[in-house]
Structure formats: C-alpha cells, structure tokens
Amino acid sequence: MFEHCVGLAWCPCCRIYCGAMVHVPRQQVLVDALALLPPERREYVGASERRLIEFLDRQAGPPPARSSSP
C-alpha cells in the first residue's frame, strides 16, 4: 500500500522549484525537516509555500559553485 505525499524538488542555483503528488510505500520513513522547530515557528513556516521553500533552501546550504569550464 502507498500513501500520497507532496514531493518538492528545487534548484538552489536558479531558485526554481516544482511540486507533484507522489506515492510513498507506507513502511518508508520520511524525514520531517520541520520536526526540530518549536510549534509556533513550525506553524508559521508551514503556513506559507514561499516561507517553506525558503526554509528548506537554507537547510540545504549554499548552492554548489558553478563550473568555469567552457
């Protein structure tokens, strides 16, 4: 059996993201990126798609350096 989840993918370099409904096996454990936030902060971040993406982007760290090869 599967659960329906929203999957997000984004590029920290160009700052473009997309979302889609995905199927995840019920026995698979997903990491909750907001789990360590206090309840008020978690609610604030989760209430706005823009804030959520910005928060996740900061968690991922700086974007990788671009290659200077031709």
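Residues numbered from 1 in each chain as written. Predicted model: local features only at pLDDT ≥ 70, side-chain atom pairs only at ≥ 80, totals over all residues. Heavy atoms only, no water.

Caption draft 1: Representation of the pattern of salt bridges within the structure. Applying the stated criterion to the full structure yields three salt bridges. When the shortest N-O distance is used, the salt bridge between Asp 32 and Arg 42 registers 2.5 Å. Of this pair, Asp 32 sits in the loop between β2 (16–25) and α1 (39–46) while Arg 42 sits in helix α1, and the two are 10 residues apart along the sequence. We classify Arg 42 as partly exposed; its relative accessible area is 31%. A salt bridge links Glu 54 to Arg 50; the nearest nitrogen and oxygen atoms lie 3.2 Å apart. Pair noted here: Glu 54 and Arg 50 are both in helix α2 (residues 49–60), with a separation of four residues, about one helical turn. (Salt bridge = Lys/Arg side-chain N within 4 Å of Asp/Glu carboxyl O. Helix = DSSP H or I, 4+ residues; strand = E, 2+ residues; numbered from the N terminus. Buried < 20%, exposed > 50% of the residue type's maximum accessible area, 1.4 Å probe, protein only.)

Shape descriptors only; they carry no functional weight alone.
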